[in-house]
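Secondary and tertiary structure notes
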Amino acid sequence: MANGREILNLNVGGELFAVTRPAMLQAPPDSLLHRIFAPDSKLLSNLDANQRPYLDYPASAFRHISDHLRLLSQLSPDDVLQPVQVPSHHKKQVRELAWILGVEELIFSPQYGTDPLMNKLPSKKWPFLCCARRSAAEQQPLSGKADSKV
């Protein structure tokens, strides 16, 4: 565990990944991705030759999804993470895997950060491509999903 965040070492489509369980559990509770990473899940019981959980998904598509969830977990609820930017040659595969895992809306629409202990991002003099600050008018109770006008 690092800082109380359980680190899981996975083999996804033949590539090694290290992810934190809390980052992956930001997926909607009824999604396949959430069920895979739930603490009591049996879905990580398929092991590779080195006893790492094996997920039979395209590694490049999974990387885009897991990286987006990592960023989301590092932002305060005052900050907004823009939809994942995927190179055109991977876009279809990432969208399909996100759909299969039940996280398509989470990945492809703006989302507020999820870590209330994180500090707000400092103001920038240049546009920040992936993140933005929530405006004062948006300081209402969170539903998790950010307004797409951000």
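Bear in mind the structure is a predicted one, so any value in this text is a computation, not a measurement.

1. Side note on the overall build of the protein chain
Each helix and strand counted, the protein chain has five helices and six strands in total. By the burial criterion, 39% of the 150 residues in the protein chain qualify as buried. Here the analysis covers contacts within the protein chain between residues at least 6 apart in sequence; of these, 67% occur between residues at least 24 apart. Total accessible area computed for the protein chain in this model is approximately 8,800 Å², and 55% of it derives from carbon and sulfur atoms.

2. Observations regarding unusual backbone geometry
Unusually for a residue other than glycine, Gln51 sits at a positive phi of about 65°. Here Gln51 is to be found in the loop between helix 2 (32–37) and strand 3 (54–55).

3. Side note on the pattern of salt bridges
Enumeration over the complete set of coordinates arrives at six salt bridges. For the salt bridge of Arg63 with Glu15, the shortest nitrogen-to-oxygen distance reads 2.9 Å. One end of the pair, Arg63, is in helix 3 (residues 59–73); the other, Glu15, is in strand 2 (residues 15–20), and 48 residues separate them in sequence. Judged by its relative accessible area of 32%, Arg63 falls in the partly exposed class.

4. Focus on helix 3
For helix 3, with 15 residues, the first-to-last C-alpha span of 21 Å sits near the 21 Å given by 1.5 Å per residue. Among the residues of helix 3, Ala59, Ala61, Phe62, His64, Ile65, Ser66, His68, Leu69, Leu72 and Ser73 are the ones counted as buried.

5. Things to note about the environment of His64
Checked against the element boundaries, His64 lands in helix 3. Each C-alpha atom, one on His64 and one on Lys91, is 9.7 Å from the other, the two residues being 27 residues apart in sequence.

6. Describing the side chain of Ser109
By secondary structure assignment, the location of Ser109 is in the loop between helix 5 (104–108) and strand 5 (111–112). Residue class for Ser109 comes out buried when judged on its relative accessible area of 9%. Polar side-chain contacts of Ser109 include one of 2.5 Å to the backbone oxygen of Glu105. A distance of 3.0 Å separates a polar atom in the side chain of Ser109 from a polar atom in the side chain of Gln111.

7. Let's talk about the side chain of Gln26
Tracing the backbone shows Gln26 in the loop between helix 1 (21–24) and helix 2. Among the residues examined, Gln26 registers a relative accessible area of 17% and is labelled buried. A distance of 3.0 Å separates a polar atom in the side chain of Gln26 from the backbone oxygen of Ala23.

8. Some points on the confidence of the model for the protein chain
Within the protein chain, residue pLDDT values average 83, and 75% of them lie at 70 or more. Averaged pLDDT values over the elements of the protein chain bottom out at 56 in strand 6 (residues 131–133) and peak at 97 in strand 3. Taken together, the stretch residues 124–128 has pLDDT below 50 and engages in one contact with residues farther than four places along the chain or on a different chain.

9. Side note on the sheet that holds strand 2
Spatially, three strands are ordered 2-1-3 in an open sheet, and the strand pairing comes out mixed. For this open sheet the edge positions go to strand 2 and strand 3, each flanked by a neighbour on one side alone. Contacts from helix 3 reach strand 1 (7–12), strand 2 and strand 3 within the one sheet, and its direction differs from that of strand 2 by about 20°.

10. Quick look at helix 4 (residues 88–101)
Between its terminal C-alpha atoms helix 4 stretches 20 Å, which fits the 20 Å expected from 14 residues at 1.5 Å a residue. Residues of helix 4 that are buried include every one of Val94, Leu97, Ala98 and Leu101, and no others. Buried residues of helix 4, seen end-on, are gathered within an arc of 100° and therefore sit on one face of the element. Along helix 4, the residues that are exposed and aim more than 90 degrees away from the buried face are Ser88, Lys92 and Trp99. Summarising the contacts, the buried residues of helix 4 are in contact with helix 2, helix 3 and helix 5.

Quick notes on the rules
Residue indices begin from 1 for each chain and proceed along its sequence in written order. Per-residue local features of the predicted model are confined to residues with pLDDT of at least 70, and side-chain atom pairs are confined, for both listing and counting, to 80 or more; whole-chain, interface and lining totals are unaffected and use all residues. No hydrogens and no water enter the side-chain calculation; it runs on all heavy atoms of the structure. A run of H or I in DSSP becomes a helix once it reaches four residues, and a run of E becomes a strand once it reaches two; helices and strands are each numbered from the N terminus. Using a 1.4 Å probe on the protein chains alone, a residue whose accessible area is under 20% of its type maximum counts as buried, one over 50% counts as exposed, and one in between counts as partly exposed. Residues count as neighbours in contact if any of their non-hydrogen atoms are within 4.5 Å of one another. Reported accessibility uses the Shrake-Rupley method at a 1.4 Å probe radius. Residues are deemed covered only where the shown protein chains occlude them. Take a side-chain nitrogen of Lys or Arg and a carboxyl oxygen of Asp or Glu: if they are within 4 Å of each other, that pair is a salt bridge. Helix span, expected: 1.5 Å multiplied by one less than the number of residues in the helix. The definition of a polar contact used here is a pair of N or O atoms within 3.5 Å, where within protein one atom must be able to donate a hydrogen and the other to accept one, and adjacent residues in sequence count solely through side-chain atom pairs. What pLDDT conveys is the predictor's confidence in a given residue, as a value from 0 to 100. DSSP-based pairing: two strands are paired if at least 2 bridges between them are found. In this analysis an axis means a line fitted to C-alpha atoms, helices contributing only their contacting stretch, and an angle means the value between N-to-C directions, from 0 to 180 degrees. In this description, the arc belongs to the directions extending from the helix axis to the C-beta atoms.

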